[in-house]
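Listed below, chain by chain, are the residues.
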Amino acid sequence: MKFIQYDSLGSTNVEAAKLAQSGETPPFWVRADVQTAGRGRRGRDWVSPKGNFYGSACYAYDGSPQDAAKLSFVAAIAVADALSAYTLTTQPKLKWPNDVLMDGRKIAGLLLEAQQGRVIIGIGVNLVSHPPEGNVQPTHLLEHLAPEALNTDEPEFTGADGFLAILAAKFDAAFRKHKAYGFSATRADWLARAGGILGPVTVRLPEEEFMGQATDLLESGALRIALADGTVRDVHAGDVYFGTGS
């Protein structure tokens, strides 16, 4: 696995795409200490101060755009497993479609971009700091590290470089499992790490908002919602808030 690291980039996803187009052979990772134009889902800015993790994995992938989109579940599993490699006071949980939470607060964001013959997965993880607010209340890793993990001669946490090594290994394992066994295996692994997917939800889409009961994660990756009037809707993308509040 090749790691390409920078002091500063506009966007690790953009740089990964440029490198692939210029002949860099996947798989490889691009990491930057700082991003000046980081992006999240739905065009949102991703605040990128020094100390946190900003990286993009580029892998060869020739599946359909619909199949490529399922790799966001693979990436979320990898992030949760990378965080779980540390001694934590609470375990990470996954929230549909691709949020990683600790104590109900967002610690990571993912941005997947499928291109001809490859897929680029941008991953941002709050390690040492987090923004003051977001659509989900944010947090960062150091807030959840157990004291014994910090007060040792060889502390577990060694910064973004160390996190990349863990994350790359976890992602590669999850990616290979997905390719070998399909989304059914990924779905089972994702559900095992989910913070509860069944129950009341509020769904916010660009054109509407509605409430209902989440009943299942489908093989397509969509979240199935049963509405009060008896209709069923399968949500493929959007902001979903679990519980009775939003």
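Please read all numbers here as calculations on a predicted model, not as lab measurements.

Our focus in this paragraph is the overall build of the protein. Secondary structure summary: the protein contains six helices and 12 strands in total. For 246 residues, the compact-globule estimate of 2.2 N^0.38 gives 18 Å, and the protein sits close to it at 18 Å. Burial status across the protein gives 50% buried among its 246 residues. When contacts within the protein are restricted to residue pairs at least 6 apart in sequence, long-range pairs at least 24 apart make up 64% of them. When the accessible surface of the protein is totalled, it reaches about 11300 Å², and 50% of it is carbon and sulfur. Here the protein carries 23 positive and 28 negative side-chain charges, and the mean point of each set is 4 Å from the other.

So, about the side chain of threonine 12. By secondary structure assignment, the location of threonine 12 is in helix α1 (residues 12-21). There is a polar contact of 2.6 Å between the side chain of threonine 12 and the side chain of serine 56. For threonine 12, the residues in contact, after removing those within four places along its chain, are Val30, Arg31, Ala32, Gln35, Tyr54, Gly55 and Ser56.

A separate point is the packing of helix α5 (residues 160-181) against helix α6 (residues 183-193). Look at α5 against α6: their axes get within 6 Å of each other, and the N-to-C directions meet at 135 degrees. Between α5 and α6, the interaxial angle falls into the category oblique. Listed contacts from α6 to Lys177, His178 and Tyr181 of α5 are Phe183, Ala185, Thr186 and Asp189. Looking at the contact of α5 with α6 residue by residue, the classes come out as three nonpolar, two polar and two charged.

The interhelical angle for the contact between helix α3 (residues 71-83) and α5, taken along N-to-C directions, is 140 degrees, at an axis separation of 8 Å. One finds that α3 runs oblique with respect to α5. Judged by the twist between their axes, the crossing of α3 over α5 is right-handed. For the pair formed by α3 and α5, the contact residues are Leu71, Val74, Ala75, Ala78, Val79, Asp81, Ala82 and Leu83 on the first element and Phe163, Ile166, Leu167, Lys170, Phe171, Ala174, Phe175 and His178 on the second. Residues of the contact of α3 with α5, tallied by class, amount to 13 nonpolar, one polar and two charged.

Calculation notes
Residues numbered from 1 in each chain as written. Predicted model: local features only at pLDDT ≥ 70, side-chain atom pairs only at ≥ 80, totals over all residues. Heavy atoms only, no water. Helix = DSSP H or I, 4+ residues; strand = E, 2+ residues; numbered from the N terminus. Rg over C-alpha atoms; globule rule 2.2 N^0.38 Å. Buried < 20%, exposed > 50% of the residue type's maximum accessible area, 1.4 Å probe, protein only. Contact = heavy atoms within 4.5 Å. Areas by Shrake-Rupley, 256 points an atom, 1.4 Å probe, with all protein chains shown as cover. Lys, Arg positive; Asp, Glu negative; His and termini not counted. Charge placed at Lys NZ, Arg CZ, Asp CG, Glu CD. Polar contact = N/O pair within 3.5 Å; in protein donor to acceptor, adjacent residues only side chain to side chain. Axes fitted to C-alpha atoms, helices over the stretch in contact; angles between N-to-C directions. Parallel < 35°, antiparallel > 145°, perpendicular 65-115°, else oblique. Nonpolar A, V, L, I, M, F, W, Y, C, P; charged D, E, K, R; others polar. Left-handed = near helix turned anticlockwise from the far one by under 90°.

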